[in-house]
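Analysis of the macromolecular model
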Amino acid sequence: MTLQQPALPATAVARPARRRDRGRLFQEIGMLAPAVVLLTIFLVVPFLLSFWTAMTNQPLVPRPTPVRFIGLTNFLRILKDDLFWTSLWNVSRFTFWVIPVQCGLAFATALLLHQKLPFRNVFRGMFFLPAITSMVVVCVIWGTLFQYPTGPLNQILGFLSAGRIQPIDWLGDPNWAMFSIVLLSAWQAYGFQMIVYLAGLQGIPDELYDAARIDGANAFQRFWHVTMPGLRPTHVFVLVITTIQAFKLYTQVAVLTQGGPKSSTETVVHYMVRTGFEEQKLGLASAVSVILFLIVLVIALLQRQLLRRFDV
């Protein structure tokens with residue numbers, strides 16, 4: 001005859017579970033704490049300081065006159081400035097052009113280098129090299145290629161067209177200046193997106209491709225029904241990151257065109273830097289930075305929502 005042990009009360013059973021949940025919560029908070037602290041220091045606090053500075057007449061260099069709180073005056077001045085709207089249009093145009101060129105080139109290169117090719121690791125390093133090269137160095141090299149009228153690019157076009165194509169003033173013609181910066185930027189930065197796409201491709205299980213082959217799917221069907229769905233999170237990440245980087249366009253403009261010709265390459269960041277450092281209007285430049293931050297934030301959120309809605 002066995003003795004039946006008395007059942008433990010429900011509170012005694014639930015108490016260890018609560019302790020485990022509490023310990024897990026503390027672990028999660030501890031793991032998140034470094035990221036939260038860094039984001040607060042380097043993102044939240046600078047944004048709040050910029051917003052406060054944007055509501056004052058703070059100059060770059062201290063002056064005898066005291067700094068005054070002027071409310072939204074700086075924001076209204078910017079929104080009434082035609083050059084700001086020109087710079088916003090230019091950077092939007094740049095973003096619209098560079099995203100398909102840069103991301104398409106990165107995706108195609110990643111698909112090629114994902115194959116079992118000889119020396120593929122060497123080629124990966126070669127294609128990624130421009131992404132870790134200083135943008136100033138890249139601009140100097142491409143500035144030589146774009147040189148008018150005897151630059152290498154014009155020489156190549158003249159040779160291939162048997163002289164039918166006249167030399168193009170790549171950086172001095174308003175119709176070509178922004179297009180030239182798009183080519184330069186896409187070539188310099190596509191290596192980063194290529195690495196991201198390679199990581200996404202390597203994360204797709206080989207069993208899915210094997211199952212598709214057994215079902216009789218050809219190469220295009222495997223690409224469309226296995227590769228593309230497997231890269232949905234990667235597409236979202238690449239699109240958002242490329243958009244943010246495109247709106248930060250500055251170095252190429254500062255080195256090659258200084259916003260010209262005829263303000264055709266003026267960008268928001270170049271406009272902000274010139275306002276803050278050349279005109280020494282720190283409050284006005286801070287207002288530009290706040291507006292740019294909000295614009296990029298809204299665009300990134302809209303992109304994520306649209307891509308989720310269309311199941312991309």
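Residues numbered from 1 in each chain as written. Predicted model: local features only at pLDDT ≥ 70, side-chain atom pairs only at ≥ 80, totals over all residues. Heavy atoms only, no water.

By the naming in an unreviewed UniProt entry, the protein chain is Permease component of ABC transporter, taken from Sinorhizobium fredii. Word for word, the UniProt comment on the protein chain under Sequence similarities (unreviewed entry) is "Belongs to the binding-protein-dependent transport system permease family." (UniProt positions renumbered as here; feature names shortened; annotations may be inferred.)

Considering the environment of Ala211
You can see Ala211 is positioned in helix H8 (residues 206–214). Judged by relative accessible area, Ala211 falls into the partly exposed class, the value being 36%. Ala211 sits 114 residues away from Trp97 along the chain, and the two C-alpha atoms are 38 Å apart. (Helix = DSSP H or I, 4+ residues; strand = E, 2+ residues; numbered from the N terminus. Buried < 20%, exposed > 50% of the residue type's maximum accessible area, 1.4 Å probe, protein only.)

Focus on the side chain of Arg124
With respect to the element layout, Arg124 can be found in helix H4 (residues 120–128). Among the polar contacts listed, one links the side chain of Arg124 to the backbone oxygen of Leu113, at a separation of 3.0 Å. Each residue touching Arg124, except ones within four places of it in the same chain, is listed here: Leu113, His114, Met194, Leu198 and Gln202. (Polar contact = N/O pair within 3.5 Å; in protein donor to acceptor, adjacent residues only side chain to side chain. Contact = heavy atoms within 4.5 Å.)

Considering the packing of aromatic side chains
This structure, assessed with the given rule, holds 13 aromatic pairs. Here Trp176 and Phe179 contribute two aromatic rings whose centre-to-centre distance is 5.7 Å and whose plane-to-plane angle is 70°, an arrangement assigned as edge-to-face. Feature note: the residues Trp142, Phe146, Trp170, Trp176, Phe179 and Trp187 constitute an aromatic cluster, connected by ring pairs. (Phe/Tyr/Trp six-rings, centres within 6.5 Å; stacked < 30°, edge-to-face > 60°.)

A word on the UniProt feature "domain: ABC transmembrane type-1" (unreviewed entry) in the protein chain
As annotated in UniProt, the feature "domain: ABC transmembrane type-1" (unreviewed entry) corresponds to residues 88–303 in the numbering used here. For residues 88–303, the helix share is 73%, the strand share is 0%, and the end-to-end C-alpha distance is 18 Å.

Observations regarding the UniProt feature "transmembrane region" (unreviewed entry) in the protein chain
According to UniProt, the positions carrying the feature "transmembrane region" (unreviewed entry) are residues 29–52, 94–113, 125–145, 176–199 and 282–302. Summarising residues 125–145: 71% helix, 0% strand, and an end-to-end C-alpha distance of 23 Å. A distance of 35 Å separates the end C-alpha atoms of residues 176–199, which is 96% helix and 0% strand.

Regarding the pattern of salt bridges
If you walk through the whole model with that rule in mind, you get three salt bridges. Of the charged contacts, one joins Arg274 and Glu266 as a salt bridge, the two residues approaching to 3.3 Å between their closest N and O atoms. Classification of Glu266 as buried rests on a relative accessible area of 2%. For Glu279, the salt bridge identified is with Lys281, shortest N-O distance 3.8 Å. (Salt bridge = Lys/Arg side-chain N within 4 Å of Asp/Glu carboxyl O.)

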